[in-house]
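Per-entry structural report
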Amino acid sequence: MTAPRLDIDLDRIEHNARTLVKRLAIRGISVTGVTKASLGSASIANALLRAGVSALGDSRIENIEGMRRNGIDAEMTLIRSPMLSQVDRVVRSANSSFNTEIRIITALSNAACQTRQTHEVLLMVELGDLREGIMPDDLNDMVSAVMQLPNIKLAGIGANLACHGGVVPDANNMAELSALAESVENAFGIHLAMVSGGNSANLEWALSDEDPGRINSLRLGEAILLGCEPLHRQPINGLYTDAISLVAEVIESKTKPTQPWGTIAQTAFGTVPVASGSGNRTRSILAIGHQDVDPSGLHAPAGVEILGASGDHLIIHSENGNPAVGDEIRFRMNYSALIRAMTSPFVVRDHRTIGDRTIGDRTIGDTDNLIT
Ligand SMILES: *Cc1c(COP(=O)(O)O)cnc(C)c1O
């Protein structure tokens, strides 16, 4: 089979999404399925929709346009502030967008007037993580300005934490968001349909005994695709952590000295790896590198150690004997490795369900075919 490739198990993604949708529904919280890490894959988007997400969210208008071209007519929201240069495209393809700048919302209004559409706007509020957001003291002025704009509907407010500053979503900042929603509603006599609490990092709070308050929506990507919560990167109970795996192929397999020889300076990527040990060691090269994946975000199968990587090569040592040229090795990934692999034109994306996956004869790391 072609390598490198991402084996994408749609049944497992659907299971993960459905499990989270159900657990959050009990708490009165709906899920926007975030598709940005999957490059707007229509197969993954459809798996999320089968699982019961209420909308799809993506940070790139290109992905939203791609999903539209593939016939997906679900509610879609742009979860990164639109660029001024893209407002026409945003109004055309997305039902709503997350915003923090009146100049951009005004441009959205103009674009929406031209095409006689209504574009929904959700205002992001800064709660301390210092990525996007209107300062809480400025929220009422912004709401007032947005309400003047034709063809714009204020859909709600939201916040994003644990992305830039690593600020943990907790009872305090979520109560602050709830209070802000209520204060806007009281000041303007309106109802905010959506109060979007945050991303996968909010799950610990959302599934705890804390009162969800006015928070009625979360935007989930990583937790669905990787089965992990991003605060401590722990597996989430009942979710698959191997819904997506990366397979790479061996192109060299030899026994060589453990230590390099000659004068040592910087490597292609700056750092000098320190090899421990002496004598000889088996080592193999896989045809995958920094250009395809973030090598530091790869989890190798048991018995396989990653020794280093360059642009196009990943060097490993296997305790289970040297794999043969042509063998495949399967890795799990963190978020950083996943988004780079999804974005590399050299990595094939293979969408399947468990039933139709043909397990390669010699794929090391397959749970069904582990070479030990
Ligand atoms: C990426 C992103 C999300 C989804 O984050 P995950 O950690 O993948 O769940 C949610 N909201 C915003 C604004 C984002 O940029």
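Note that the structure is a prediction, hence the values are computed from the model and not measured.

1. Some details on the confidence of the model for the protein
Here the protein averages 93 in pLDDT, and 95% of its residues register 70 or above. A low-confidence stretch, residues 368-372 stays under pLDDT 50, and its non-local contacts, those more than four residues away or across chains, total nine contacts.

2. Some words on the site of the ligand
The immediate surroundings of the ligand are formed by V34, K36, I79, R131, E132, N160, N199, S200, R219, L220, G221 and E222. Taking R219, its side chain carries an N or O atom lying 2.8 Å from a nitrogen atom of the ligand. Between the ligand and G221, the relevant distance is 2.9 Å, taken from an oxygen atom to a main-chain nitrogen or oxygen of the residue. Taking 390 Å² as the accessible area of the ligand by itself, protein coverage stands at 93%. For the shell around the ligand, a count of residues per class yields three nonpolar, four polar and five charged.

3. Looking at the packing of helix 1 (residues 10-25) against helix 2 (residues 42-50)
Relative orientation of the contacting elements helix 1 and helix 2 amounts to 40 degrees, with a least axis distance of 8 Å. Taken as axis vectors, helix 1 and helix 2 run oblique relative to one another. Both helix 1 and helix 2 take part in a crossing whose hand is right-handed. Across from L10, I13, E14, A17 and R18 in helix 1, the residues of helix 2 making contact are S43, I44, A47, L48 and R50.

4. Notes on helix 1
Its 16 residues place the ends of helix 1 22 Å apart at the C-alpha level, agreeing with the 22 Å of an ideal helix rising 1.5 Å per residue. Taken residue by residue, helix 1 has L10, R12, I13, E14, N16, A17, T19, L20, V21 and L24 as its buried positions. Two or three places before D11, at the start of helix 1, stands the capping residue D9, its side-chain oxygen 3.1 Å from that residue's backbone nitrogen.

Parameters and conventions
- Residues numbered from 1 in each chain as written.
- Predicted model: local features only at pLDDT ≥ 70, side-chain atom pairs only at ≥ 80, totals over all residues.
- Heavy atoms only, no water.
- pLDDT = per-residue confidence, 0-100.
- Contact = heavy atoms within 4.5 Å.
- Near = heavy atom within 4 Å.
- Polar contact = N/O pair within 3.5 Å; in protein donor to acceptor, adjacent residues only side chain to side chain.
- Areas by Shrake-Rupley, 256 points an atom, 1.4 Å probe, with all protein chains shown as cover.
- Nonpolar A, V, L, I, M, F, W, Y, C, P; charged D, E, K, R; others polar.
- Axes fitted to C-alpha atoms, helices over the stretch in contact; angles between N-to-C directions.
- Helix = DSSP H or I, 4+ residues; strand = E, 2+ residues; numbered from the N terminus.
- Parallel < 35°, antiparallel > 145°, perpendicular 65-115°, else oblique.
- Left-handed = near helix turned anticlockwise from the far one by under 90°.
- Expected span 1.5 Å × (residues − 1).
- Buried < 20%, exposed > 50% of the residue type's maximum accessible area, 1.4 Å probe, protein only.

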